[in-house]
Amino acid sequence: TIADGFTLQEIRLHPYEIQAVVEEPENGSLAGQVLCIEAFDENGNRLNLASNSASRFIKMEDSQLEIWMFERPKNAGCVTLYVLDEIKWLDDWKGYLYSENPWTGEQMMEFLESNCITSVEVDVQ
């Protein structure tokens with residue numbers, strides 16, 4: 001469970017992407033909850049999104065699936081996905097992205113591990 005009515009349903013591995021599938025209540029979204037998903041490989045490299053939008057939606061009877069898609073790394077054995085509250089970490093994240101001395105991937109992963117709502121490590125080999 002990620003948030004009230006939100007569940008990380010599965011992680012799908014495809015040849016060129018990794019998909020984090022979140023089941024949501026109807027008319028809900030992670031964006032509305034101000035939650036997002038970040039992904040890093042074991043080497044501290046942040047995974048790029050695999051599409052122009054952060055996620056896509058699939059409607060179901062009384063819920064919907066929100067699918068976050070990341071580029072699958074070529075030389076990584078595992079990937080860690082972090083679910084984050086954007087309101088709480090946004091300023092720190094901007095510091096990571098835009099400062100003159102940005103954090104290393106390892107520093108960001110330490111920050112995410114201690115501040116995320118939940119995380120999951122996935123073997124991608």
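Along each chain, the written sequence defines residue order, and numbers are assigned to residues from 1. Totals for whole chains, interfaces and linings use every residue, but because this is a predicted model, local features are given only for residues with pLDDT of at least 70 and side-chain atom pairs only at 80 or more, for both listing and counting. For side-chain calculations, the full set of non-hydrogen atoms in the structure is used, while hydrogens and water are omitted.

Undergrad: I'm lost on the sheet that holds strand β6 (residues 78-85) in this one. Help?
TA: Whether two strands pair depends on DSSP finding at least two bridges between them. To qualify as a helix, a DSSP run of H or I must reach at least 4 residues; to qualify as a strand, a run of E must reach at least 2; elements of each kind are numbered from the N terminus. One open sheet holds the 3 strands; their spatial order is β3-β6-β7, and the pairing between them is antiparallel. Both outer strands of the open sheet, β3 (35-41) and β7 (118-123), are each paired with one neighbouring strand and no more. Averaged over all neighbouring strand pairs, the angle between strand axes comes to 20 degrees, with direction disregarded. Bridge analysis of β3 against β6 gives 7 bridges, and the strand direction is antiparallel. Note on β6: the bridge partner recorded for L35 is D85. Two residues form a contact once any of their heavy atoms are found within 4.5 Å. Orientation is described by axes fitted as lines to C-alpha atoms, over the contacting stretch for helices, and by angles from 0 to 180 degrees between their N-to-C directions. Docked against the sheet, helix α2 (residues 105-115) engages β3, β6 and β7, running at close to 140 degrees with respect to β3.

Undergrad: It is not clear to me how the side chain of E17 should be interpreted in this structure. Could you clarify?
TA: Within the secondary structure, E17 sits in strand β2 (residues 17-25). Here E17 falls in the buried class, since its relative accessible area comes to 19%. A polar contact of 2.5 Å, which involves the side chain of E17, links it to the side chain of Q19. Contact partners of E17, with chain neighbours within four places excluded, come to R12, A50, R56, M69, F70, E71 and R72. Relative accessible area decides the class of each residue, using a 1.4 Å probe on protein chains only: under 20% of the type maximum gives buried, over 50% gives exposed, and in between gives partly exposed. Pairing of N or O atoms within 3.5 Å defines a polar contact, subject to two protein rules: one partner must be a possible hydrogen donor and the other a possible acceptor, and residues neighboring in sequence count only if both atoms are side-chain atoms.

Read these as geometric descriptors, not functional statements.
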